[in-house]
Amino acid sequence: MRFIQIGDIHLPSAAQSKGALDDKDARFPSDLKTIISNTPIKQAFRKIYELVESGEIAGLVIMGDLTDFGKIDGYAACARYISTAFQVGANGQHSDMPLGIIPGNHDVDRALAKNASFTAKFKPLVAALANEGLPSIPVTDPIWLTFSAGGIAVRLVLLNSCWGCGSKEFIPDEFRDDVQDAIEKALSRGQPDKQIAAYYDRQFDTPAFSNDTIEKLLNAIPNASDCPVLVVAAHHNLLPQRLTRLAPYTELVNSGAVRGALQELDVPVLYLHGHIHEDPIELLQRPGGNVVATIAAPEIVKGFNVIELVFTRTSLPLTCRIIKWRFDQGGYLKQQKPVTIPLIGSRRRSHNDSLAPLYSLLLKHRELYWNQLKEEAKAIFASNVEEELEEALELLFSDGRIEIYNYELASYNWIVGARV
């Protein structure tokens, strides 16, 4: 099963981002510049559309920060761009494609955030998405989606981590009004666009999940037999970013509570986020527990992620592969070598005796091409040799027992190695 994780879009600035072009000639024809150096966002959206058209993608999830500033024209432009470029939503050719969108801190309407209502600041974005036939963002309640492929169904839940973003209630009482007045005064002078950009980059944010959201999430999670792996999507990162960040109130204030709750679940969890414009992949695991993998998507002008889940024929999750599509120094979007995360944990691996002789065979030869291995495996598997062999190799690979070279390609390209 494959689905696509799309990071911060940030229109209109992303549309103004230049491709890989060392431009030192103002006389060069602008039309030709466009032809030889496409903008990154156009290349990324075109590739995503090609993948959607291939029929191999089960869904899309967009990680928030659709806009630079929380304004209605930005919401409308980005919603229109998404629905048109990907042909998704109620009006698109791929109207049946599951699509998840979550809000980011840049999507908050700053003027409405001053109101007493915590939900008012999200309403313009909800309306703009609905106007283009796109699904709503989660505001008060989690939104559940199902991605399906090959008889497997994976549940994905969208969460709102932006409750405190832009709200003066999270500024300490003692100087709340003074700080708010100072912000308004600063925004009213100088260069308005520059001032508002600085506000959204360094506002007094307090990213947080509401307690009600966390409770509803935990109460709605299906049992392990109906939900082999849980995918959680929110804008903000559960772990502090690696690069030291000097800005007030920028980390999730209750990330520890959410992290602990996810680690206690009886299923492996993929926590997808954006926000930091980088793409670390980090694993959290309690002794004897299931893994919680935090997977960040970069901003769209740097690329996107294809998330691939591999299951056994009995629907147990084996591995998660993150296939990174990134721009190289020449400005071309390329697929990188996948990053593989084991998901099976302490679950029962196999009900047959094939793994031991297969592993022994691989240790004996040290390295075998797929066709060679398939011939040798006929002595191990009585029937369905290719299917049985591929699943057994995936099991051994998820345990870290073997190496599979060319793993990102179809199995007939594999070279399998094992060493003590």
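Use the structure listed above.
In what follows, the accompanying structure is described. All figures in this text were calculated on a predicted structure; none of them were measured in a lab. (Residues numbered from 1 in each chain as written. Predicted model: local features only at pLDDT ≥ 70, side-chain atom pairs only at ≥ 80, totals over all residues. Heavy atoms only, no water.)

In this model, leucine 11 is joined to proline 12 through a cis peptide bond whose omega is 10°. Within the secondary structure, proline 12 is located in the loop between β1 (2-6) and α1 (13-16). Unlike most non-glycine residues, glutamine 87 shows phi in positive territory, near 55°. One non-glycine residue, asparagine 406, adopts positive backbone phi at about 65°. If you trace the backbone, asparagine 406 turns up in the loop between β15 (403-405) and β16 (415-417). (Helix = DSSP H or I, 4+ residues; strand = E, 2+ residues; numbered from the N terminus.)

Further remarks concern the packing of aromatic side chains. Inspection of every chain in the model, using the stated rule, returns 8 aromatic pairs. Each ring, one from phenylalanine 397 and one from tyrosine 407, has its centre 4.5 Å from the other, and the planes form 50°; the classification is tilted. Highlighted residues: phenylalanine 397 in helix α13 (residues 385-398) and tyrosine 407 in the loop between β15 and β16, separated in sequence by 10 residues. Both residues of the pair, phenylalanine 397 and tyrosine 407, count as buried. For the ring pair tyrosine 407 and tryptophan 414, a centre distance of 5.6 Å and an interplane angle of 45° mean the geometry is tilted. Neither residue differs from the other here; tyrosine 407 and tryptophan 414 are each classed as buried. Positioned over the ring face of tyrosine 407 is arginine 321, at 4.2 Å from the centre of the ring. (Phe/Tyr/Trp six-rings, centres within 6.5 Å; stacked < 30°, edge-to-face > 60°. Buried < 20%, exposed > 50% of the residue type's maximum accessible area, 1.4 Å probe, protein only. Lys NZ or Arg CZ within 6 Å of the ring centre and 35° of its normal.)

In this structure, the largest pocket spans a volume of roughly 680 Å³. What lines the largest pocket is a set of 27 residues, and nearest its centre among them are Met1, Leu309, Val310, Phe311 and Glu390. Where the lining of the largest pocket is concerned, the elements lending two or more residues are β4 (143-149), β10 (303-311) and α13. Taken together, the residues of the lining of the largest pocket sort by class into 12 nonpolar, 5 polar and 10 charged. (1 Å grid on protein atoms, 1.4 Å probe; cavity = no way out; pocket = protein on both sides within 12 Å on 5 of 7 lines; lining within 4 Å. Points joined across faces, edges and corners; volume = space filled by probe spheres on them. Nonpolar A, V, L, I, M, F, W, Y, C, P; charged D, E, K, R; others polar.)

This next bit is on α13. For α13, which comprises 14 residues, the first-to-last C-alpha distance of 20 Å matches the rise-based estimate of 20 Å (1.5 Å per residue) to within 8%. Of all 14 residues that make up α13, 10 are buried, and the element is covered over most of its length. Following α13 by one or two positions, glycine 400 adopts a phi angle in the positive range, close to 75°. (Expected span 1.5 Å × (residues − 1).)

To continue, consider the nonpolar core. Side chains of nonpolar character tend, in soluble globular proteins, to be buried together. Formed by 43 residues in total, the largest nonpolar core has its most connected members in Ile4, Ile9, Ile48, Leu60, Ile82, Ile300 and Phe304. For this core, the leading source of residues is helix α3 (residues 40-53), giving 6 residues. Ignoring any residue separated from it by four or fewer positions in sequence, one finds leucine 60 in contact with Ile4, Ile48, Val52, Phe86, Val88, Met97, Pro98, Leu99, Gly100 and Phe147. If you look at the next biggest cluster of nonpolar residues, it comprises 29 residues, including Ala58, Leu145, Ile281 and Ile341. (Core = buried A, V, L, I, M, F, W, Y, C linked by side-chain atoms within 4.5 Å. Contact = heavy atoms within 4.5 Å.)

On to the pattern of salt bridges. According to the stated counting rule, one finds 19 salt bridges in the structure shown. Between lysine 302 and glutamate 278 there is a salt bridge, with its nearest N and O atoms 3.5 Å apart. Of this pair, lysine 302 sits in the loop between β9 (291-296) and β10 while glutamate 278 sits in the loop between β7 (269-273) and β8 (281-285), and the two are 24 residues apart along the sequence. The exposure class assigned to glutamate 278 is partly exposed, which follows from its relative accessible area of 44%. A salt bridge links glutamate 375 to lysine 378; its shortest N-O distance comes to 3.1 Å. For lysine 378, a relative accessible area of 47% corresponds to the partly exposed category. The structure contains a network of salt bridges with shared partners spanning Arg2, Glu56, Glu308 and Arg321. (Salt bridge = Lys/Arg side-chain N within 4 Å of Asp/Glu carboxyl O.)

Another aspect to go through is the sheet that holds β15. Sheet architecture is open: 3 strands sit in the order β14-β16-β15, paired in antiparallel fashion. Looking at strand neighbours, the two that pair on one side only are β14 (367-369) and β15, the edges of this open sheet. Strand-to-strand twist in this sheet, taken as the mean axis angle between neighbours without regard to direction, amounts to 20°. Direction of pairing for β15 relative to β16: antiparallel, over a ladder of 3 bridges. Looking at the pairing, tyrosine 405 lines up with isoleucine 415 of β16. Here helix α11 (residues 355-365) sits on the sheet and contacts β14 and β16; the angle it forms with β14, its principal contact strand, is near 105°. (Pairing = 2+ DSSP bridges. Axes fitted to C-alpha atoms, helices over the stretch in contact; angles between N-to-C directions.)

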